[in-house]
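# Analysis of the macromolecular model
One letter stands for each residue in the lines below.
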Amino acid sequence: MEAKLTVNGFGFVARYGEKDVERVLLPLLMRLTELQAERDRRLIAFLAAPPGAGKSTLAAFMEWLSRRTPEATPLQAVGMDGFHCPNAYLDAHSFVDEDGREVGMRSRKGAPQTFDVEGLRAALADARSDAPAPWPTYSRVMHDVVPASLPIDEKILLVEGNYLLLDEGRWKGLAELADYTVFLSAPEALLRERLVARKVAGGSTPEEARAWYEASDGRNVARVLAHHSPADLELALGADGSLTVA
């Protein structure tokens, strides 16, 4: 099944196998629909996954699918990327990395320490209200946060991000703010291949892309795979892009 989607201002075509849609995605959509009806308020669901697993694409596809499934309640896909700390903040702050070295936050943008977790918690709590405040988004053009730019207006909110189920530091316990959680895993070698290819497609040389993976993306991948809380639904990504219930 193909869908023309837009994520972070960029258009692309998402493709999922008919079996994946029938066996995995539609049942998930109907489960969220049932929960929303039972609780009779805005439902918050998390879709967590390591970098490179395709969570933004999957969340956008779920929104598209919900609007084409008459018996489903339409959902709105939003990313936690809007809660990156602004570049000005990153430029002025540092943290101690996994090797015990103090590093500038900008050099490790995308690591768990470079997000406004408290702001995300507040937005999740506010999202249950009848008139929630708009969420910030992240511009892939400016490579910075755009405050209060996304109205929240559907009865099901599907929040996607790397660290939503991270079980350490400031992220620990964040899942308590969700009604339902999904974790999408993938082999680390597959994620490395996808992330390096993404960097090369963005203009980096293969050498630069591999170096960035080792210094940044790879550390984030390992952290998410090794330190996440159990989810209500665990999915696995295959090398061919297929989805299965783990």
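To start, this report covers the structure provided alongside it. (Residues numbered from 1 in each chain as written. Predicted model: local features only at pLDDT ≥ 70, side-chain atom pairs only at ≥ 80, totals over all residues. Heavy atoms only, no water.)

## Points about the overall build of the protein chain
This is how it is decided: Each helix corresponds to a stretch of at least 4 residues labelled H or I by DSSP, and each strand to a stretch of at least 2 residues labelled E; elements are numbered beginning at the N terminus. Here the globule rule reads 2.2 Å times residues to the power 0.38, and the radius of gyration is calculated from C-alpha atoms. Think of it in three bands: with a 1.4 Å probe and only protein chains considered, a residue is buried below 20% of the maximum accessible area for its type, exposed above 50%, and partly exposed in between. In what follows, a contact means two residues having at least one pair of non-hydrogen atoms within 4.5 Å. Methods summary: accessible areas were calculated by the Shrake-Rupley approach with a probe of 1.4 Å, and residue burial reflects only the protein chains presented. His is not counted, nor are the chain ends; Lys and Arg add positive charge and Asp and Glu add negative charge. A charged residue contributes its charge at one atom only: NZ of Lys, CZ of Arg, CG of Asp or CD of Glu.
Scanning the protein chain from terminus to terminus reveals six helices and 12 strands. Taken against the 2.2 N^0.38 rule, which gives 18 Å for 246 residues, the C-alpha radius of gyration of the protein chain at 18 Å falls within 12% of a compact globule. In terms of principal-axis extent, the alpha carbons of the protein chain reach across some 50 × 40 × 30 Å. When each of the 246 residues of the protein chain is scored for burial, the buried share is 47%. Sequence separation of 24 or more characterises 70% of the internal contacts of the protein chain that already satisfy a separation of 6 or more. Just so you have it, the protein chain exposes about 11700 Å², and 53% of that area is on carbon and sulfur atoms. Both charge centroids of the protein chain, one from 28 positive and one from 36 negative side chains, sit 2 Å from each other.

## A short note on helix 1 (residues 18-39)
Condition: To estimate the expected span of a helix, subtract one from its residue number and multiply by 1.5 Å. Here the bend at a residue means the angle between the axes of two seven-residue stretches, the one that ends at it and the one that starts at it.
The end-to-end C-alpha distance of helix 1 is 30 Å, a good match for the 32 Å that 22 residues give at a rise of 1.5 Å each. A maximum bend of about 35° is found in helix 1 at Leu25, where proline Pro27 lies one to four positions downstream. Those residues of helix 1 lying buried are Asp20, Val21, Val24, Leu25, Leu26, Leu28, Leu29, Leu32, Thr33, Leu35 and Gln36. In the segment just after helix 1, Asp40 is the residue with positive phi, at about 50°.

## Regarding the sheet that holds strand 9 (residues 156-161)
Short version of the rule: Pairing between strands is defined by DSSP: at least two bridges between them are needed. Fitted lines through C-alpha atoms give the axes, limited to the stretch in contact for helices. The angle between two N-to-C directions lies from 0 to 180 degrees.
Read from one edge of the open sheet, six strands run 4-9-3-10-11-12, paired in mixed fashion. Edge positions in the open sheet fall to strand 4 (75-79) and strand 12 (243-245), since each of these has one partner strand only. Each adjacent strand pair in this sheet contributes to an overall mean axis angle of 25°, direction not counted. Direction of pairing for strand 11 (residues 233-237) relative to strand 12: antiparallel, over a ladder of three bridges. For Leu235, the partnering residue across the bridge sits in strand 12 and is Val245.

## Quick look at helix 6 (residues 206-226)
The largest bend along helix 6 measures about 55° and falls at Tyr213. Where helix 6 is concerned, the buried positions are Ala209, Tyr213, Ser216, Asp217, Gly218, Asn220, Val221, Arg223 and Val224. Elements that come into contact with the buried residues of helix 6 comprise strand 10 (180-185) and helix 5 (188-201).

## Observations regarding the nonpolar core
Convention followed: Definition of nonpolar core: a set of buried residues of the types Ala, Val, Leu, Ile, Met, Phe, Trp, Tyr and Cys, connected through side-chain atoms within 4.5 Å.
Of all hydrophobic cores here, the largest spans 44 residues; its most connected members are Leu25 and Phe61. Every residue in contact with Phe61, bar those within four places of it in the chain, is listed here: Met1, Ala3, Leu5, Ala14, Tyr16, Val21 and Leu25. Within the second largest apolar cluster, 26 residues are counted, among which are Leu165, Trp171, Leu174 and Ala178.

## Some words on the environment of Ala226
Residue placement: Ala226 occurs in helix 6. We classify Ala226 as exposed; its relative accessible area is 56%. C-alpha separation for the pair Ala226 and Met1, spaced 225 residues apart in sequence, amounts to 32 Å.

## Structural notes on the side chain of Asp179
Here is the rule: Nitrogen and oxygen atoms within 3.5 Å of one another constitute a polar contact, given that in protein one can donate a hydrogen and the other can accept it, and given that sequence-neighbouring residues count only through two side-chain atoms.
If you trace the backbone, Asp179 turns up in the loop between strand 9 and strand 10. Within the structure, the side chain of Asp179 is placed 2.9 Å from the side chain of Arg39, a separation counted as a polar contact. Reaching out from Asp179, the side chain makes a polar contact with the side chain of Arg128 at a distance of 2.9 Å. If near-sequence neighbours (up to four positions away) are discounted, Asp179 is found in contact with Arg39, Arg41, Arg42, Leu43, Ile44, Arg128 and Asp232.

## Overview of the environment of Gly104
Mapped onto the secondary structure, Gly104 falls in strand 6 (residues 102-104). Spatially, the C-alpha atoms of Gly104 and Asp167 are 24 Å apart, while their sequence positions differ by 63 residues. In this view, Gly104 contacts His93 and Ser94; residues no more than four positions away in its chain are not counted.

## Regarding the packing of helix 1 against helix 2 (residues 55-66)
Counted only if it meets this: For classification, angles of less than 35 degrees are called roughly parallel, those exceeding 145 degrees roughly antiparallel, those between 65 and 115 degrees roughly perpendicular, and all remaining angles oblique. Only Asp, Glu, Lys and Arg are considered charged in this grouping, and only Ala, Val, Leu, Ile, Met, Phe, Trp, Tyr, Cys and Pro are considered nonpolar; every other residue, Gly among them, is considered polar.
For the pair helix 1 and helix 2, interaxial distance at closest approach is 10 Å and the crossing angle is 75°. The orientation of helix 1 relative to helix 2 falls into the category roughly perpendicular. Between helix 1 and helix 2, the residues in contact are Val21, Leu25, Leu26, Leu28 and Leu29 and Leu58, Phe61, Met62, Leu65 and Ser66, respectively. Residues of the contact of helix 1 with helix 2, tallied by class, amount to nine nonpolar, one polar and no charged.

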